Amino acid sequence: MRCEFIADHPDFRRLAAIDGITVDLRYVGTDNFVGRDLYGDLDCAWLHREAAAALEQAAHYLAEQHPGYRIIVLDALRPHRVQEMLWAHLDGTPLQMYVADPARGSIHSFGMAVDVTVIDPQGVEIDMGSGFDEMVEKSHPALEEKMLAAGQITAQQRSNREILRQAMFHAGFRGINSEWWHFNFGDPAVVRQTYLRID
C-alpha cells in the first residue's frame, strides 16, 4: 500500500495519538546521515497499531521508573521507497550493513520498528555514547562490554542505554546488535510474511 493512503487504513495509528512520547522524525529535514529531507511531503508519523500500543506501554513504564523522562521517536514508519534510497546512498560502502536490504525489506516499512532515544525532564537527549544513525562500533549493543572496557563508552552512557532498553523490552520490543536506538516489535520473519508493507 502507498504511504499516501495510510490515514484511511485501520491497522495504523498516528504517532501524535500515542500518549507519553515526543516525536522528532530525523528523515524530515537534514539532521540525518544522508543530509537531506527524505520524507518530503510523505506523512510518515505512523506505526502499526500493535507497535503503537507497545510504544505507549514503554513510555508509561519509563515515566514510572524515571519521572520526567520521555521517549522521543526519531523514526517510525519508513516507506519502502525511502528504504531503497538509504540502501542506494550507502551502495559500495561497508556502512551498507547498517541498512536493511530492500530486497528483504525493513521492518520499519511495516510500521513494526521504531528508532528511539530518551529525553530528560529538561527536554535534552541523554548521552548514549554515540548519536542516532552513527554507524560506528560504539553504537553496537553487542559490543558494549568491549567498548566499556576500552574506555570508548562510559558506565553512565551504558546505564543510559539500559534505561531505554528496559522500557522497550518491558513492552515487548527487541533490539538489534548494531544500533542501540532500533527496536522491532514482533518476529521480523513473521512481520515480513504476514503484515502489510507500506511503499
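The structure presented is a predicted model; accordingly, all values stated were derived computationally and were not measured.

1. Comments concerning the packing of aromatic side chains
Scanning all chains against the criterion turns up six aromatic pairs. Considering the side-chain rings of Tyr27 and Phe132, the 6.2 Å spacing of their centres and the 55° angle between planes classify their relative orientation as tilted. With Tyr27 in the loop between strand S2 (21–23) and strand S3 (46–48) and Phe132 in the loop between strand S5 (113–119) and helix H3 (144–149), the pair connects residues that are 105 residues apart, well separated along the chain. Summarising the burial analysis for this pair, Tyr27 and Phe132 share the class buried. With 5.3 Å between their ring centres and 85° between their planes, Trp180 and Trp181 make a pair best called edge-to-face. Three or more aromatic residues link up through ring pairs in this structure, and these residues are Tyr27, Tyr39, Phe132, Trp180 and Trp181. One Lys or Arg, Arg174, reaches over the ring of Phe169 and ends 5.6 Å from the middle of that ring.

2. Points about the pairing of strand S4 (residues 70–75)
The buried count for S4 comes to five of six residues, which makes it a mostly enclosed element. Pairing analysis gives three bridges linking S2 to S4, with the strands arranged parallel. From the neighbouring strand, Ile21 faces S4, where its bridge partner is Ile71. Two strands pair when backbone bridges link them, and S4 and S5 are joined in this way by five bridges, in the antiparallel orientation. Its bridge partner lying in S5, Asp75 is registered against Asp115.

Thresholds, definitions, all that
- Residues numbered from 1 in each chain as written.
- Predicted model: local features only at pLDDT ≥ 70, side-chain atom pairs only at ≥ 80, totals over all residues.
- Heavy atoms only, no water.
- Phe/Tyr/Trp six-rings, centres within 6.5 Å; stacked < 30°, edge-to-face > 60°.
- Helix = DSSP H or I, 4+ residues; strand = E, 2+ residues; numbered from the N terminus.
- Buried < 20%, exposed > 50% of the residue type's maximum accessible area, 1.4 Å probe, protein only.
- Lys NZ or Arg CZ within 6 Å of the ring centre and 35° of its normal.
- Pairing = 2+ DSSP bridges.

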